[in-house]
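The lines below spell out each chain.
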Amino acid sequence: MFSLKQNCWFIRKVVAWRASASIAWSVLLLPLTTAIFLILSRFSLFHPFQWISDCTSLLTASSTIFSLVILCAVVLITGFFNLEFYTLVPSIPCSRVALLGTVLHPQQCIHSLVYSSMGMLVMWCASVIIGGRYSTLGTHCRLGESGEVMTCLNEYHLFLLLSGAFMGYSHSFLGVVQNMYFVSFPPIQQYKYPQFKGCLPMVLKCSVIQSLFSARNFAALYFFFGYMPKAWISNTLNLPLDGSIQPLDSLAGLADISLFYHLVISGTFLYFTWYLSVLLFRIYATEAHTFPVQSTFIEEADQCLPKVLTEKVVLPMKFLALQDLALLSQHSLSRRQEVFSLSQPGGHPHNWNAVSRECLSLLSELTQRLVAHHDAVASNGRVKSQSASSDTKTASSSSSVFSGTEDVPGTPRPSIPLRTPGSVFNSSVGGLPSSLTAPFTPDVDSPFSTPSIRRLVGSQGARSPWFGSVQSPHIMRRGPKLWSASTESQTKESPPPSPASAPTPSAANQKPSFLSQWLQNRKEQVKSFLSKRVLVVYLFNKLPEASSQALFADSQSHIWALQGLSHLVAASFTEDQFGVVQTTLPNILSSLIILLEAVERHFKLPHASSKPVRSICSMGDSTYKTLRFALRAALKTAIYKITTTFGEHLNAVNISMDHRKRLQQFLEFKE
């Protein structure tokens, strides 16, 4: 998301410098964390003076300094990946197979490979710092009865290296599963140092917990499959195994308390180094940025707030602009006056028009998205209700298995009509396309049509009044209200065909070829077979709350738009000298009421109002799971902010009767 490849002044002047500052602080804090790791790894309860003297000498040793240089390179690569992979809108897979596809994506595979390599480097540095039996890959040993001294494979060093690769892959994998690359803005703005100090205990706790889990999982994995890399490295490097030492792929070898302690300490150091880089990047990336409302120079016109709010490509700039709008609407009187000011010459409220237009456009897009999703859910329910009782279970299980991911409609543009069943069921019963029957007649040849619908369509014989073209003009008035023809289909609609143009019974009764019918039967058998397999159903079933979370994934921008718009409208009651806000007040109130109705209707759907379960401590940001609740609260707060400020004066605003009744509920504090 924060890619340097984007040719934008904001990326070059703001984001790049913030990322560089976060990386610089990560490098500066690295000697301190390395020194703490060295002290803890060399801890000796019974020899405290020797412990202190050894730590003091090792802090300035050449091996420690060389390890520190390698760790600095790892931190630089981590900061680069933070800059390239972080996003402001989380990616929410709606099924387990979609999540599996994300994990197996080539870009993610490269990311996992790089982090596994960096994990091995960090663990190599940790083994050098710990010293003793972990220092080198080869160690001296005596083989056989002859007692010949040879260089054997040091399994303790190999164990730490492989654990580093495992922890690196775990970090990359959890970055996808837990949305660790999602940057959320804190609800309360703080200075960087208090924010860092407050989050530091959480980072340390997450590092320890994740290290314990990774150590447990790796120990179990090494117990079953540890002999494979050990034998391969021994044969490749010609390093024989030392038979006098208990192998680590056994219960006796893994029961070593000292080994487990050093593994957990090293894993904590590894995770803490990466998590600290993540925390610093989040703090710098979400720092508030002040945009000028209007500029004196033409060269700086693109950097003004009304212009930046319309940005579609550089998402960080748009989010920070909306955050700045919410902050200025609440705390800056002078900047609010600039928003309400008129242009000279001409006397036009260009600043207010641009700000209000963009905020209303965001709210309108969210409203259309919610309406489209609700219509899609309702249309699916309509098709299922037509199925016979004997085929309901088969059809529903088959459709749920092969759906893959939830069909969450994207944000539709005003010029693009909403998706209707006419775009899915686009063939008439008689074989000829008809603009009247297309939105209401399913395609019997589609692989996704159920057997019950085929029987319903197939039972319409030549003597049926439904055969061929529509004979009665009342059929459109009796159609389901949940299905509406699109704007494009209405403009291109042709008059109904005459009875003379209806297909003949011989053409209508023409049977498909044997090959197509055989392929269709085989396809149905495969679908029915796979829909009964537990593993397939588990992978392809839709996750309960994923569709609702995906709809509100970018709702932080809408929350800021609601806050900025409502506070500006409320402030205009006493600060707007020219009355520029009053001209758009009816549109603002209507948009808020319509969005509130769409949100309330969405919360009546299954799994939409259920709150997610709290997970264990992790660096993955899960605030996106509760954005729909925050949006609903912000929407009601925005309406209350306007109604409590204007009071009974809102009765003079020209809005519809339905919206006026709903607004009266807020005036009487009944919502």
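Residues numbered from 1 in each chain as written. Predicted model: local features only at pLDDT ≥ 70, side-chain atom pairs only at ≥ 80, totals over all residues. Heavy atoms only, no water.

Defined as follows: UniProt positions are given in the numbering used here, feature names are shortened, and annotations may be inferred rather than shown by experiment.
As recorded by an unreviewed UniProt entry, the protein chain carries the name Nucleoporin NDC1 and is attributed to Danionella cerebrum. Its UniProt record gives the protein chain the following Sequence similarities (unreviewed entry) comment, quoted word for word: "Belongs to the NDC1 family." We quote the UniProt Function (unreviewed entry) comment for the protein chain here in full: "Component of the nuclear pore complex (NPC), which plays a key role in de novo assembly and insertion of NPC in the nuclear envelope. Required for NPC and nuclear envelope assembly, possibly by forming a link between the nuclear envelope membrane and soluble nucleoporins, thereby anchoring the NPC in the membrane."

**What about the overall build of the protein chain?**
Applied cut-off: Helix and strand labels come from DSSP, where a helix needs a run of H or I of at least four residues and a strand needs a run of E of at least two; each type is numbered from the N terminus. Under the scheme applied here, a residue whose accessible area is under 20% of the maximum for its type counts as buried, over 50% as exposed, and between as partly exposed, the area being computed with a 1.4 Å probe on protein chains only. Throughout, a residue-residue contact means that at least one pair of heavy atoms, one from each residue, lies within 4.5 Å. Each accessible area is a Shrake-Rupley estimate made with a 1.4 Å probe; only the visible protein chains count as cover when residues are assessed.
For the protein chain, the count of helices and strands is 25 helices and two strands. Within the span of the protein chain, comprising 671 residues, buried residues form 44% of the whole. Residue pairs at least 24 apart in sequence account for 78% of intrachain contacts in the protein chain once pairs closer than 6 positions are excluded. Here the protein chain displays about 35300 Å² of accessible surface, and carbon together with sulfur accounts for 62% of that area.

**Some words on the packing of aromatic side chains**
Keep this limit in mind: Only the six-membered ring of Trp is used, alongside the rings of Phe and Tyr, when aromatic pairs are assigned; centres must lie within 6.5 Å, and planes under 30 degrees apart are stacked while those over 60 apart are edge-to-face, with the rest tilted. Two limits define a charge over a ring: the Lys NZ or Arg CZ must be within 6 Å of the ring centre, and within 35 degrees of the ring normal.
For the structure on display, the rule yields 29 aromatic pairs. Residues phenylalanine 223 and phenylalanine 224 carry aromatic rings whose centres are separated by 5.1 Å and whose planes lie at 85° to one another, so their mutual orientation is edge-to-face. Overall, phenylalanine 223 belongs to the partly exposed group, its relative accessible area being 29%. Site record: aromatic cluster; members linked through ring pairs are Phe80, Phe81, Phe85, Tyr86, Tyr115, Tyr181, Trp274 and Phe281. The ring of tyrosine 538 is capped by arginine 96, whose NZ or CZ atom sits 4.0 Å from the centre of that ring. Lying over the aromatic face of tyrosine 156, arginine 133 brings its terminal NZ or CZ to 4.2 Å of the ring centre.

**Here we look at the state of the cysteines**
Stated precisely, the cut-off is as follows: The rule for a disulfide is simple: a pair of cysteine sulfur atoms within 2.5 Å.
Enumeration according to the criterion identifies one disulfide in this entry. A sulfur-sulfur separation of 1.5 Å characterises the disulfide bridge that pairs cysteine 141 with cysteine 152. Of the two residues, cysteine 141 sits in strand β1 (residues 138-143) while cysteine 152 sits in strand β2 (residues 148-153), which places them eleven residues apart along the sequence. Across the pair, exposure class does not vary: cysteine 141 and cysteine 152 are buried alike. Residue cysteine 72 stays outside any disulfide, its sulfur separated by 9.8 Å from that of cysteine 125, the closest cysteine. Classification of cysteine 72 by relative accessible area gives partly exposed; the value is 21%.

**Quick look at the environment of aspartate 576**
Selection criterion: Throughout this description, a polar contact denotes any pair of N or O atoms lying within 3.5 Å of each other; where both atoms belong to protein, one of them has to be capable of donating a hydrogen while the other can accept it, and for residues adjacent in sequence the pair is counted only when both atoms sit in side chains.
One can find aspartate 576 in the loop between α22 (555-575) and α23 (585-602). Dropping the residues within four chain positions of it, aspartate 576 is found in contact with Phe340, Ala571, Val581 and Gln582. One polar contact links the side chain of aspartate 576 to the main-chain amide nitrogen of glycine 579, over a distance of 3.1 Å.

**Section: the environment of threonine 151**
In this fold, threonine 151 is placed in strand β2. Given the relative accessible area of 40%, threonine 151 is considered partly exposed. Separated by twelve residues in sequence, threonine 151 and threonine 139 have C-alpha atoms that sit 5.3 Å apart. Not counting the four nearest positions on each side in its chain, threonine 151 is found in contact with Gly138, Thr139, His140, Leu239 and Pro240.

**Quick look at the pattern of salt bridges**
Filter applied, for reference: Within this document, salt bridges are pairs made up of a side-chain nitrogen of Lys or Arg and a carboxyl oxygen of Asp or Glu, the two lying within 4 Å of each other.
The final tally for this structure, using the stated rule, is 13 salt bridges. We note a salt bridge from lysine 192 to glutamate 287, for which the minimum N-O separation is 3.2 Å. Here glutamate 287 lies in the loop between α10 (257-285) and α11 (305-308) and lysine 192 lies in helix α7 (residues 192-225), a separation of 95 residues in the sequence. Residue class for lysine 192 comes out partly exposed when judged on its relative accessible area of 32%. Residue class for glutamate 287 comes out partly exposed when judged on its relative accessible area of 29%.

**Quick word on unusual backbone geometry**
With phi around 50°, asparagine 179 is a residue other than glycine that occupies positive phi space. Along the chain, asparagine 179 turns up in the loop between α6 (155-177) and α7. In this structure, asparagine 238 is a non-glycine residue whose phi angle is positive, near 55°. Its location among the elements puts asparagine 238 in the loop between α8 (227-237) and α9 (251-254). Take asparagine 238: its relative accessible area is 65%, and that puts it in the exposed class.

**Some remarks on the packing of helix α13 (residues 333-340) against α22**
Worth spelling out the cut-off: To get an axis, a line is fitted to the C-alpha atoms, and for a helix only the part in contact is used. The angle between two axes follows their N-to-C directions and goes from 0 to 180 degrees. Orientation is classified from the angle alone, with under 35 degrees giving roughly parallel, over 145 giving roughly antiparallel, 65 to 115 giving roughly perpendicular, and any other angle giving oblique. Amino acid classes used here: Ala, Val, Leu, Ile, Met, Phe, Trp, Tyr, Cys and Pro are nonpolar; Asp, Glu, Lys and Arg are charged; the rest, including Gly, are polar.
Where α13 contacts α22, the two axes come as close as 11 Å, and the packing angle between them is 85°. Comparing the axis directions of α13 and α22 gives the class roughly perpendicular. Together, Leu333, Arg336, Gln337, Val339 and Phe340 of α13 and Leu568, Ala571, Ser572 and Glu575 of α22 make up the contact between the two elements. Residues that form the contact of α13 with α22 fall into these classes: five nonpolar, two polar and two charged.

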